[in-house]
Amino acid sequence: DVKYKIKNILVKPNVPEDHSINVEIELEIFCRVFGDKEVSVIQDLYSPSRNLSFNPNTVNTIVNMKKSKEVINVRERVMLEGNGNERICSVLADAIVNERSVSRGMVKFSGDLNLKFILLNDEGTEATAQERTVPFSFSQGIDSVNKDSKVDIDIAIAMQEFTKDGLEVSVKVDLEVCTTSYDLEELNVIDNIEELEYTDENPYSMVIYFVKPGDSLWKIAKRYRSTIEDIARINNIENPDKISIGMQLFIPKCSNCRVQV
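Quick caveat, the model's predicted, so the values are computed rather than measured. (Residues numbered from 1 in each chain as written. Predicted model: local features only at pLDDT ≥ 70, side-chain atom pairs only at ≥ 80, totals over all residues. Heavy atoms only, no water.)

## Here we look at the pattern of salt bridges
Right, on to step 1. Applying the stated rule across the entire model yields six salt bridges.
Right, on to step 2. In this structure, Asp-174 and Arg-75 form a salt bridge, with 3.2 Å as the shortest nitrogen-oxygen distance. Remark: Arg-75 occurs in strand E3 (residues 51-79) and Asp-174 occurs in strand E8 (residues 168-196); sequence separation between them is 99 residues.
Right, on to step 3. Given the relative accessible area of 14%, Asp-174 is considered buried.
Right, on to step 4. Where Glu-168 meets Arg-77, a salt bridge forms, and the shortest distance between an N and an O atom there is 3.2 Å. One end of the pair, Glu-168, is in strand E8; the other, Arg-77, is in strand E3, with 91 residues separating them in the sequence.
Right, on to step 5. With a relative accessible area of 29%, Glu-168 lands in the partly exposed category. (Salt bridge = Lys/Arg side-chain N within 4 Å of Asp/Glu carboxyl O. Helix = DSSP H or I, 4+ residues; strand = E, 2+ residues; numbered from the N terminus. Buried < 20%, exposed > 50% of the residue type's maximum accessible area, 1.4 Å probe, protein only.)

## Notes on the sheet that holds strand E7 (residues 150-165)
Right, on to step 1. If you walk across this open sheet you meet the three strands as E3-E8-E7, and the pairing is antiparallel. Two strands in the sheet have a free side with no partner beyond their single neighbour: E3 and E7. Each strand of the sheet is rotated relative to its neighbour by a mean of 5°, with strand direction disregarded.
Right, on to step 2. When E7 meets E8, the two strands line up antiparallel, connected through 15 bridges. Paired with Ile-155 across the two strands is Val-177, which belongs to E8. (Pairing = 2+ DSSP bridges. Axes fitted to C-alpha atoms, helices over the stretch in contact; angles between N-to-C directions.)

## A look at the nonpolar core
Right, on to step 1. The biggest cluster of nonpolar side chains holds 27 residues, and the ones touching the most others in it are Phe-109, Leu-113, Leu-115, Phe-117, Phe-136 and Leu-175.
Right, on to step 2. If you list the elements that add at least two residues to this core, you get E3, strand E4 (87-103), strand E5 (106-120), strand E6 (127-141), E7 and E8.
Right, on to step 3. Looking at this core element by element, the count peaks at six residues for E5. (Core = buried A, V, L, I, M, F, W, Y, C linked by side-chain atoms within 4.5 Å.)

## Here we look at the environment of Val-41
Right, on to step 1. By the element assignment, Val-41 lies in the loop between strand E2 (21-31) and E3.
Right, on to step 2. Through-space distance from the C-alpha of Val-41 to that of Ile-62 is 15 Å; in sequence the pair is 21 residues apart.

## Details of a nonpolar patch on the surface
Right, on to step 1. Residues Val-2, Tyr-4, Ile-6, Ile-21, Val-23, Ile-25, Leu-27 and Ile-29 make up a contiguous nonpolar surface patch of roughly 770 Å² in combined accessible area.
Right, on to step 2. Among the secondary structure elements, those contributing two or more residues to the nonpolar patch are strand E1 (2-13) and E2.
Right, on to step 3. Per element, the largest residue contribution to the nonpolar patch is five residues, and it comes from E2.
Right, on to step 4. Summarising the element assignment, Ile-21 is placed in strand E2.
Right, on to step 5. For Ile-21, a relative accessible area of 35% puts it in the partly exposed group. (Patch = residues over 30% accessible without salt bridge, like charges linked within 9 Å, V, L, I, M, F, W, Y side chains within 5 Å. Areas by Shrake-Rupley, 256 points an atom, 1.4 Å probe, with all protein chains shown as cover.)

## Some remarks on the side chain of Asn-235
Right, on to step 1. Along the polypeptide, Asn-235 turns up in the loop between helix H2 (228-234) and strand E10 (248-252).
Right, on to step 2. Exposure remark for Asn-235: the relative accessible area of 14% places this residue in the buried category.
Right, on to step 3. There is a polar contact of 2.8 Å between the side chain of Asn-235 and the backbone oxygen of Ile-231.
Right, on to step 4. When residues no more than four places from it in sequence are discounted, the contact partners of Asn-235 are Gln-248, Leu-249 and Phe-250. (Polar contact = N/O pair within 3.5 Å; in protein donor to acceptor, adjacent residues only side chain to side chain. Contact = heavy atoms within 4.5 Å.)

In structure tokens:
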């Protein structure tokens, strides 16, 4: 992804005989290189028959990334200063986003279209510059966004046309808006796994447990050094991912001890 922004512009007329001007432009360029890669990570583990130690960490990943493009048509009339006989030599246009808001399924933003008119006098021997600002606003529907989504907005000038009639200028500018939206998701990952001396802290062969809010068979099996399969089998649970609060479970010691990942 490459973005650039015009920071400073310096325009100087050369000698009249050359019929030319000298232009210096300073650009700020941002470049980001990335690739999509699928990796396997261990988010949690335990062993009913081994005492394992590890370091828990977290990493941020980007999910639900979506790019979309729209075109904003800016149509406005602005007034310039002078005697009305000046002609437009060039117009430097730059769009800046000032405010943005993100809600479920919708991105709204507003900004200013900054116009710098380079004008020549009747004889074409003197150049002057005048700046004008035209506000704009836009709403874009994006199904995947919510109020916590991150949104990057990049605006480029797709088309510009300026018609001068005396001191009045008709402005026709099309802005190409590229919106990139995404969510940040935090993943638990572990590393530096070590096996310590095993101690059986649960002398019982069976435990009766009542499901609490936030429980899962994984958490319960890990706590009592059992297995998801054994708990589901003894309690006739067809779907291990679905248990209800207050449900009574019989928690056995594992019948075939192995590492659970």
